[in-house]
Amino acid sequence: MSSTLTRARDEHDEEGIPLFAPHEKVYPRGVQGPIRRLKWAVLCACLALYYIGPWLRWDRGPAHPSQALLIDMPARRAYFFWIEIWPQELYYLAGLLILGAIGLFLVTSLFGRIWCGYTCPQTVWTDLFLWAERLIEGDRAQRIRLDQQGLSLEKVAKKTAKHAAWLLIAVATGGAWVMYFNDAPTLVRDVFTLHASTTQYGFIGLFAGTTYLLAGWAREQVCTYMCPWPRIQSAMIDEETFAVTYRDWRGEPRGKHKKGDSWAGRGDCIDCRACIAVCPTGIDIRDGLQLECIGCGLCIDACNEIMDKVGRPRGLIAFDTYANGVARKRGETPHRRFLRPRTFIYAAVLLFVTALMLTALTRRSTVEISVLADRSPLFVRLAGGSIRDGYTLKIENKASETRTYAISAQGLPGALLHVAELEVVAVPAEQGTVLPVRGDAIGSFRVYLQAPKSGQPETHFQFIVRETQSGETARYEATFRGPAS
Amino acid sequence: MPTKREKDVATVRETTGHEWDGIREFDTPLPRWWLYTFIATIVFAVVYCVLYPSIPLLRTHTEGLLGYTNRTALVASTKAAVAAQAKFIDRIRAASLDDIRKDPELLGFAETGGRAAFNENCAPCHRPGGAGAKGFPNLADDDWLWGGTLAAIQQTITHGIRNADPDSRQSQMPRFGADGILNRQQISDVADYVMTLSHQPAPAESAKRGAAIFAQNCVLCHGEKGTGNQEIGAKNLADGIWLYGGDKATLIQTITYARNSSMPSWGARLDPVTIKMLTIYVHSLGGGQ
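Everything quoted here is computed from the prediction, not taken from an experiment. (Residues numbered from 1 in each chain as written. Chains lettered and ligands numbered in written order. Predicted model: local features only at pLDDT ≥ 70, side-chain atom pairs only at ≥ 80, totals over all residues. Heavy atoms only, no water.)

Q: Whenever I open this one, the overall build of chain B confuses me. Can you help?
A: When you go through chain B residue by residue, the secondary structure sums to eleven helices and two strands. For 289 residues, the compact-globule estimate of 2.2 N^0.38 gives 19 Å, and chain B exceeds it by more than 25% at 37 Å. On the principal axes, the C-alpha backbone points of chain B span a range of 120 × 55 × 40 Å. Counting all 289 residues of chain B, 37% fall into the buried class. Separation of charge centres in chain B, based on 29 positive and 29 negative side chains, amounts to 2 Å. (Helix = DSSP H or I, 4+ residues; strand = E, 2+ residues; numbered from the N terminus. Rg over C-alpha atoms; globule rule 2.2 N^0.38 Å. Buried < 20%, exposed > 50% of the residue type's maximum accessible area, 1.4 Å probe, protein only. Lys, Arg positive; Asp, Glu negative; His and termini not counted. Charge placed at Lys NZ, Arg CZ, Asp CG, Glu CD.)

Q: Would you explain the packing of aromatic side chains in this entry?
A: The tally for this structure, following the rule as stated, stands at 27 aromatic pairs over all chains. Relative to F207 of chain A, the ring of F203 of chain A has its centre 6.1 Å away and its plane inclined at 25°; by these criteria the two rings are stacked. Within this pair, F203 of chain A and its partner F207 of chain A are both found in helix α9 (residues 198-218), separated by four residues, close to a single helical turn. Overall, F207 of chain A belongs to the partly exposed group, its relative accessible area being 24%. Among the aromatic residues, ring-to-ring pairing joins Y50, Y51, W125 and Y180 of chain A into one connected group. Cation over ring: K398 of chain A sits above W86 of chain A, and NZ or CZ is 6.0 Å from the ring centre. Here the guanidinium or amino end of R269 of chain B rests over the ring plane of W266 of chain B, the centre of that ring lying 4.9 Å away. (Phe/Tyr/Trp six-rings, centres within 6.5 Å; stacked < 30°, edge-to-face > 60°. Lys NZ or Arg CZ within 6 Å of the ring centre and 35° of its normal.)

Q: I keep staring at helix α15 (residues 322-330) of chain A and nothing clicks. Help me out?
A: Along an α-helix, residues three or four positions apart point the same way, because every turn accommodates 3.6 residues. Residue and element names in this part refer to chain A. For α15, the complete set of buried residues consists of A323, N324, G325 and A327. Next to the buried residues of α15 lie α12 (248-251) and β5 (317-320). Positioned one or two residues after α15, G331 has a phi angle of 85°, which is positive. (Contact = heavy atoms within 4.5 Å.)

Q: It is not clear to me how the nonpolar core should be interpreted in this structure. Could you clarify?
A: It is characteristic of soluble globular proteins that their nonpolar side chains tend to be buried jointly. The biggest cluster of nonpolar side chains holds 35 residues, and the ones touching the most others in it are V244, I285, C299 and I317 of chain A. By size, the runner-up hydrophobic cluster in this structure holds 27 residues, among which are Y405, A429, V465 and A474 of chain A. (Core = buried A, V, L, I, M, F, W, Y, C linked by side-chain atoms within 4.5 Å.)

Q: Can you walk me through the sheet that holds strand β14 (residues 458-467) of chain A in this structure?
A: Residue and element names in this part refer to chain A. One open sheet holds the four strands; their spatial order is β12-β9-β14-β15, and the pairing between them is antiparallel. The sheet is open, and its two borders are formed by β12 (433-437) and β15 (473-481), each paired with just one other strand. Between one strand axis and the next, the sheet turns through 30° on average, direction left out of account. As defined by bridge partners, β14 adjoins β15 across nine bridges and the pair is classed as antiparallel. Residue pairing in the sheet places V465 in a bridge with A474 of β15. (Pairing = 2+ DSSP bridges. Axes fitted to C-alpha atoms, helices over the stretch in contact; angles between N-to-C directions.)

Q: For this particular structure, what's the right way to read unusual backbone geometry?
A: Leaving glycine aside, a negative phi is the common case for residues, and trans is the common case for peptide bonds. Residues and elements named next belong to chain A. Look at the link from E252 to P253: it is a cis peptide, with omega at -10°. Position of P253 among the secondary structure elements: in the loop between α12 and α13 (274-278). Note that the residue after S376, namely P377, is joined by a cis bond; omega there is -5°. Its location among the elements puts P377 in the loop between β6 (367-373) and β7 (380-381). Of note, the phi angle at L194 is positive, near 60°, even though the residue is not glycine. With respect to the element layout, L194 can be found in the loop between α8 (184-192) and α9.

Q: Mind showing me how you'd approach the pattern of salt bridges here?
A: Residue and element names in this part refer to chain A. Tallying each qualifying case throughout the model produces 40 salt bridges over all chains. Ionic pairing is found between D147 and K25, a salt bridge with its closest N-O pair at 3.0 Å. Within this pair, whereas D147 is found in helix α6 (residues 140-148), its partner K25 is found in the loop between α1 (2-15) and α2 (34-52), the two being separated by 122 residues in sequence. On the basis of relative accessible area, D147 is assigned to the partly exposed category, the value being 23%. Taking the shortest distance from any N to any O, the salt bridge between E368 and K398 comes out at 2.7 Å. Of this pair, E368 sits in strand β6 while K398 is found in the loop between β8 (387-397) and β9 (403-410), placing the two residues 30 residues apart along the sequence. Connected through shared salt-bridge partners, K25, E133, E137, R143, D147, K159, K162 and R219 make up one network. (Salt bridge = Lys/Arg side-chain N within 4 Å of Asp/Glu carboxyl O.)

Q: For this particular structure, what's the right way to read the side chain of N324 of chain A?
A: All names here are of chain A. Position of N324 relative to the elements: it lies in helix α15. The class of N324 is buried, set by a relative accessible area of 3%. Excluding residues that lie within four positions of it along the chain, N324 makes contacts with P334 and H335.

Q: When you look at the interface of chain A and chain B in this model, what are you seeing that I'm missing?
A: The parts lose accessible area when they come together, and the size of an interface is often stated as this lost area. Taken together, the contacts link 18 residues of chain A with 24 residues of chain B. Buried surface at the junction of chain A and chain B, both sides included, amounts to about 1,800 Å², of which 58% is carbon and sulfur. Taken together, the links from chain A to chain B amount to zero salt bridges. A per-element tally of the side of chain A that touches chain B places α1 of chain A first, with six residues. (Buried area = accessible area lost by both parts, 1.4 Å probe.)

Q: It is not clear to me how the sheet that holds strand β3 (residues 83-85) of chain A should be interpreted in this structure. Could you clarify?
A: Strand-to-strand pairing in sheets goes through backbone hydrogen bonds, with the strands running parallel or antiparallel. Residues and elements named next belong to chain A. Ordered by their spatial adjacency, three strands build an open sheet running β1-β2-β3, and the pairing between neighbours is antiparallel. Looking at strand neighbours, the two that pair on one side only are β1 (69-72) and β3, the edges of this open sheet. Within the sheet, the average angular offset between the axes of one strand and its neighbour, ignoring direction, is 10°. The pairing of strand β2 (residues 77-80) with β3 spans three bridges and is classified as antiparallel. Each bridged residue has a counterpart across the sheet, and for Y79 the counterpart in β3 is E84.

Pasting the structure below:
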């Protein structure tokens with residue numbers, strides 16, 4: 001710590017800038033305008049999606065959950081409308097995440113950080129919490145005053161009301177999250193009648209806690225310090241990407257302006273600091289594109305309001321590209337260039353992965369088998385002189401109804417097949433037998449194969465399982481073991 | 001040591017006022033969240049000490065208001081597990097072995113319980129999965145000494161073989177060599193004949209002599225063709241499956257000294273439900289009849 005102090009002093013001597021900026025609380029001011037209205041609309045849409053999601057129903061028959069979006073942990077199933085995913089198919093989720101990431105790359109390279117500014121949950125919930133704060137404690141100036149004044153009944157009442165409102169929203173957030181993992185109507189009833197499990201209450205509490213902490217207290221610090229996305233998004237942005245831009249060629253030199261003063265020889269920026277006051281991350285957009293800017297554009301609304309008041313044209317701050325900024329400065333006509341190598345590559349990768357995912361989904365097999373050969377005993381000599389191996393055969397029936405499967409073993413001359421669960425005698429292995437498996441379940445069978453002694457310690461063969469209705473087939477390479485002599 | 005608290009020029013923050021060789025130290029308080037978390041852990045510790053056993057005294061320890069101990073927790077969870085199994089256990093006690101096999105739920109429970117009991121009590125001799133070892137029969141094949149039906153298996157497990165239990169399986173093979181019933185040449189001849197029974201190569205001359213000796217001494221128990229007799233545990237000599245080995249040296253040893261191995265009676269050690277589950281499990285290993 002002490003050496004830091006020495007360094008800090010040295011730095012100060014040379015640059016005049018302290019090494020560490022202590023955190024300053026941001027008090028964003030409320031603002032009206034088209035962008036704010038758009039932001040409210042997106043916020044409502046996102047919240048609606050989040051809260052309505054678990055209440056959507058989807059009929060899958062009596063034996064299955066009727067919730068359209070459900071991750072059923074105890075039953076190890078995930079449901080998405082007509083798609084049902086088993087745990088071993090989690091790569092679909094990985095695929096979705098990859099799609100999300102590449103989609104984000106594409107959108108970012110085209111329009112800048114609109115994900116951050118409009119749809120990111122951190123932004124949506126921070127906005128919601130700020131709205132509650134503004135409703136209870138008042139706008140920026142009143143909030144600053146409230147924080148600075150000493151303890152009073154009014155301050156305690158307002159702070160209590162604010163945190164109560166925040167906690168309420170937080171609990172509602174955590175509650176809705178848990179609904180995606182449980183049947184929503186049952187869960188709501190259980191939660192309010194105190195019949196829900198400790199796990200359910202625990203997770204509601206956990207997500208309520210993180211929501212309260214991140215959206216209430218941490219806010220812009222999540223974007224600035226915790227989130228990796230602002231730090232890598234510069235890789236997607238080029239001079240043709242739209243971003244919240246301060247048109248310095250119009251605004252500078254800035255300065256205070258009194259009514260009636262001439263606008264000649266000066267810029268349009270009257271240094272009113274409205275753009276800073278409304279910024280949810282508390283930055284000065286006039287410093288140019290920066291890491292902390294989440295691209296929400298609220299400063300555009302604030303600045304336009306001021307420009308209207310002082311009678312200058314709107315758009316001193318606007319969504320614009322860097323290239324257009326340069327063009328406008330020179331007096332050239334601005335242009336839009338959406339088709340760039342970068343966007344082509346992102347779009348192509350996006351299409352490719354989408355096609356891959358769709359192919360995987362449509363070709364998703366509804367029958368899978370796994371075969372586990374007995375380890376002890378490896379093989380058994382029978383009284384008749386032949387050798388018998390035991391296997392545990394598991395057939396996954398991913399369809400919702402009971403289906404029958406014809407199983408056989410190919411590649412073992414003269415072998416007989418016998419299934420312990422079926423009280424039938426052994427049948428020729430190449431011909432096989434038929435097994436029923438309940439819908440959405442794994443059928444587990446003890447299968448015995450009996451073959452004449454061949455003198456080979458290992459014989460490779462195939463288990464073949466064919467669904468009798470659709471003819472869908474799954475194969476498994478297995479080994480028949482026997483004595484060497 | 002001078003203790004002049006002052007503001008640092010660069011950062012405008014207080015220093016502690018201590019100075020070591022010109023190096024001064026910021027008076028930076030702990031981050032508040034850190035401090036509060038620390039206080040919360042202290043509060044947690046106090047509450048924990050009150051509620052749970054925690055502070056060691058000289059001979060004992062504080063018990064805590066909740067009266068929790070690992071031992072009582074284990075007893076409670078064991079009790080809960082036993083209670084959860086009770087309905088299956090009761091049904092298995094009441095059902096016949098055939099009925100258990102017909103009920104998929106009971107069959108699954110019995111096989112699982114049987115496997116656990118088998119691994120604990122039987123696997124040391126019979127090996128996991130009933131693979132068997134020299135002198136300890138393989139339970140997965142279709143060659144049974146005393147019968148492979150459910151009833152026969154249950155009987156064998158309950159009372160054992162050749163032990164002090166009055167109901168145990170009893171039979172005795174004579175010590176043909178050691179007791180002087182047959183001489184060395186005769187034993188060698190009969191061993192050759194026994195090898196031909198399971199289609200192993202043996203000199204025809206001596207095997208022919210052995211056949212006569214076999215007819216006189218062995219047929220009574222092992223049958224005319226050496227196919228054995230499960231009533232008295234007489235081994236099938238014709239099927240190529242051997243308990244001790246089918247080569248000539250081992251056969252001579254077996255005939256000379258006899259093999260009268262024993263299996264404990266489990267009826268006294270295991271409860272009837274466990275024996276039922278063991279029966280079901282052993283029957284399911286592949287050789288059940």
